[in-house]
Amino acid sequence: MRFFVASVFLAAVSMVQPAQAQMGPGGPPPAVGVVEARRQPVTESTEFIGRIEAINRVDLRARITGFLEERLFREGTEVEEGKLLFRMERAPFEAQLEQAKANVASAEAQLANARTSLARARELRTTGTGTQVALDNAQAQERTSAATLLGAQAAVRVAEINLAYTNIYAPFAGAIGRSTYTPGNVVSPSSEPLATIVSQDPMRVAFTIAQRTALELRERYEGRGGAAAVVVRIRQSDGTIYPLPGQIDFIDTQVSRDTDSILVRASIANPIRAGMQQNDIGARQLVDGQFVTVLLESAQPVMAVTIPRSAIAQDQAGFFVFIVDGEGRAQRRNVTLGRSTAETAVIESGLEAGQRVITEGIQRVRPGQPVNAAPAGVRPAATGRPG
């Protein structure tokens, strides 16, 4: 029995040894997946963190002291320019206006009497029966009465303005937020804002760019039309891309001393969403104060060599890839990356279009090593020969 087992073991060893001799001491070449580097149009993109802002924003405040009598809007909806929003108690200010008008009538009567006295004093002075002192006093009284009339007329104007302030209108079209006060409260110029209105369409997105990045972007787009060659897109917090593009319309003239960055703003349309009405809550997609990711994209794509991002490796020397040369061996190529995405790497230098780049099995590859290459996603044949 022992002799039989030993014979079987020796036979198995004798079969394995020739096979190992054929494959060599290192085993068969590793199987790798490759793709061909392609030159294709690429839309360059740079990301920043930004915030949506309303172009127009105003806090509605009381300009007089009085009781808030009526609120004439629904919170959270849009209002048209000139719409009456709040009405304050009018009776006290109407009474002040009437009193001011009465003072004007009294001042007019006094002025008429002063002018009559002045005319009489001049006549008496001409005939010699009147004194110069009496004439001077009549002239002074006439001037005083005229000034009193002007003051009374100004008081009428002030009363009219205060009466107009009892009605508070929307200065522009936009969405109005919550009302701070309910009818019945006393409000004054020192009170908190009654409500806030923000314009809706268009909106703008504000973001800051590091000075170094700003210089790089300026150099990149300077020969293509500057800011006009850049399209602004925004990615919302749920990861979706807002469908409408924006356009840069403001670049600050000063660099922040604290952050060494510069403020940039872009305007972007914010129309009413399909199937919704203007007064529907949430009728527009962009909201004042909303955080977004800003994507600066070139308006015209540029031709560049691209490969899958999975082909990129990195060590202390920088980024590199492995290619398969004409002899079926893996060779390292150091590369410089352009503006890339999570899926696609843009190669600025170090790689030519048409070269086969290893994307699968990189961890098993060494420079100069034969490899068994097949298109990525296709399992190579186990022939034991270099691809």
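How each quantity is defined
Residues numbered from 1 in each chain as written. Predicted model: local features only at pLDDT ≥ 70, side-chain atom pairs only at ≥ 80, totals over all residues. Heavy atoms only, no water. UniProt positions renumbered as here; feature names shortened; annotations may be inferred. Helix = DSSP H or I, 4+ residues; strand = E, 2+ residues; numbered from the N terminus. Buried < 20%, exposed > 50% of the residue type's maximum accessible area, 1.4 Å probe, protein only. Contact = heavy atoms within 4.5 Å. Areas by Shrake-Rupley, 256 points an atom, 1.4 Å probe, with all protein chains shown as cover. Salt bridge = Lys/Arg side-chain N within 4 Å of Asp/Glu carboxyl O. Axes fitted to C-alpha atoms, helices over the stretch in contact; angles between N-to-C directions. Parallel < 35°, antiparallel > 145°, perpendicular 65-115°, else oblique. Left-handed = near helix turned anticlockwise from the far one by under 90°. Nonpolar A, V, L, I, M, F, W, Y, C, P; charged D, E, K, R; others polar.

As recorded in an unreviewed UniProt entry, the protein goes by the name Efflux RND transporter periplasmic adaptor subunit, listed as coming from Sediminicoccus rosea. The record held by UniProt for the protein lists under Sequence similarities (unreviewed entry) the comment "Belongs to the membrane fusion protein (MFP) (TC 8.A.1) family."

Trainee: What should I look at first to understand the overall build of the protein in this one?
Mentor: Looking only at helices and strands, the protein has four helices and 24 strands in total. Looking at the protein as a whole, 35% of its 387 residues qualify as buried. Taking as baseline every contact in the protein between residues at least 6 positions apart, the subset at least 24 positions apart corresponds to 73%. Looking at the protein as shown, the accessible area adds up to about 22,800 Å², and 52% of this sits on carbon and sulfur atoms.

Trainee: Can you walk me through the pattern of salt bridges in this structure?
Mentor: Scanning the model with the defined rule gives ten salt bridges in all. Between Arg-235 and Glu-47 there is a salt bridge, and its shortest N-O distance comes to 3.0 Å. On the criterion of sequence distance, the pair formed by Arg-235 in strand β13 (residues 230-235) and Glu-47 in strand β3 (residues 45-54) is long-range, its members being 188 residues apart. Its relative accessible area of 24% is what places Arg-235 among the partly exposed residues. A relative accessible area of 47% places Glu-47 in the partly exposed class.

Trainee: What's the story with the packing of helix α2 (residues 91-127) against helix α3 (residues 132-164) in this structure? I'm lost.
Mentor: Think of two packed helices as two axes; the pair is described by the angle between the axes and how far apart they sit. Taken N-terminus to C-terminus, the directions of α2 and α3 make an angle of 165°; their axes are 8 Å apart at the nearest point. Our classification of the angle between α2 and α3 gives roughly antiparallel. For the pair α2 and α3, the crossing hand works out as left-handed. Looking at side-chain class alone, the contact of α2 with α3 contains 19 nonpolar, eleven polar and eight charged residues.

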